[in-house]
Amino acid sequence: MASETPRLDPTEIANSNASVFRIIAQVKSQPTESTLILSSPSKGNEMITLSNVRLSMTRTPFQIDSWYEFVCRANDTGDVGFLILDSVPCILKENESISIDGIVALQQLTKKFPEIY
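- Looking up the protein in an unreviewed UniProt entry gives the name Replication factor A protein 3, with the organism given as Naumovozyma dairenensis.
- The protein has a UniProt comment under Sequence similarities (unreviewed entry) that states "Belongs to the replication factor A protein 3 family."
- Turning to the protein, the UniProt record has this under Subcellular location (unreviewed entry): "Nucleus".

Encoded structure:
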């Protein structure tokens, strides 16, 4: 399954051939019930803002500044943006923080070893 839903660096979304992919991102805001603005880490510790993100499911609002792994579907129409099919929260215990370098390393590692989920 991991090779069928590759984990992408946010800079690769527009050029990817995968119709379904995964990204790890932090929710920055939820302007409407059906849209999100995300921030996802990329090479060089750069955080990429993804602002045209639509939701396929209605659920309780996402927690702002929380991290999630999103399963997404690329737009068929060629528009910028994508559709979130599902999400899993990255639950951090008190006084824990997420490693931006770790996320970028995971994105790169799963390209070399797609069987890593």
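1. Examining the overall build of the protein
(1) Moving on: The number of helices and strands found in the protein is one helix and five strands.
(2) Moving on: Reading the protein from its N end, one meets helices and strands in the order β-β-β-β-β-α.
(3) Moving on: Out of the 117 residues belonging to the protein, those deemed buried represent 37%.
(4) Moving on: Here the contacts in the protein between residues at least 6 apart in sequence split such that 55% fall between residues at least 24 apart.

2. Remarks on the nonpolar core
(1) Moving on: Of all hydrophobic cores here, the largest spans 19 residues; its most connected members are Ile23, Leu36, Leu38, Phe70, Phe82 and Ile84.
(2) Moving on: Looking at this core, the elements that each hand over two or more residues are β1 (20-32), β2 (35-42), β3 (46-55), β4 (67-74) and β5 (82-89).
(3) Moving on: The residues contacting Leu38, other than those within four sequence positions of it, are Ile23, Ala25, Gln26, Val27, Lys28, Ile48, Thr49, Leu50, Val53, Phe70, Phe82 and Ile84.

3. Quick look at the environment of Ala18
(1) Moving on: For Ala18, the position within the fold is in the segment before β1.
(2) Moving on: Exposure remark for Ala18: the relative accessible area of 18% places this residue in the buried category.
(3) Moving on: C-alpha separation for the pair Ala18 and Pro6, spaced 12 residues apart in sequence, amounts to 7.5 Å.
(4) Moving on: If sequence neighbours within four positions are ignored, Ala18 has contacts with Pro6 and Ala74.

Cut-offs applied
- Residues numbered from 1 in each chain as written.
- Predicted model: local features only at pLDDT ≥ 70, side-chain atom pairs only at ≥ 80, totals over all residues.
- Heavy atoms only, no water.
- UniProt positions renumbered as here; feature names shortened; annotations may be inferred.
- Helix = DSSP H or I, 4+ residues; strand = E, 2+ residues; numbered from the N terminus.
- Buried < 20%, exposed > 50% of the residue type's maximum accessible area, 1.4 Å probe, protein only.
- Contact = heavy atoms within 4.5 Å.
- Core = buried A, V, L, I, M, F, W, Y, C linked by side-chain atoms within 4.5 Å.

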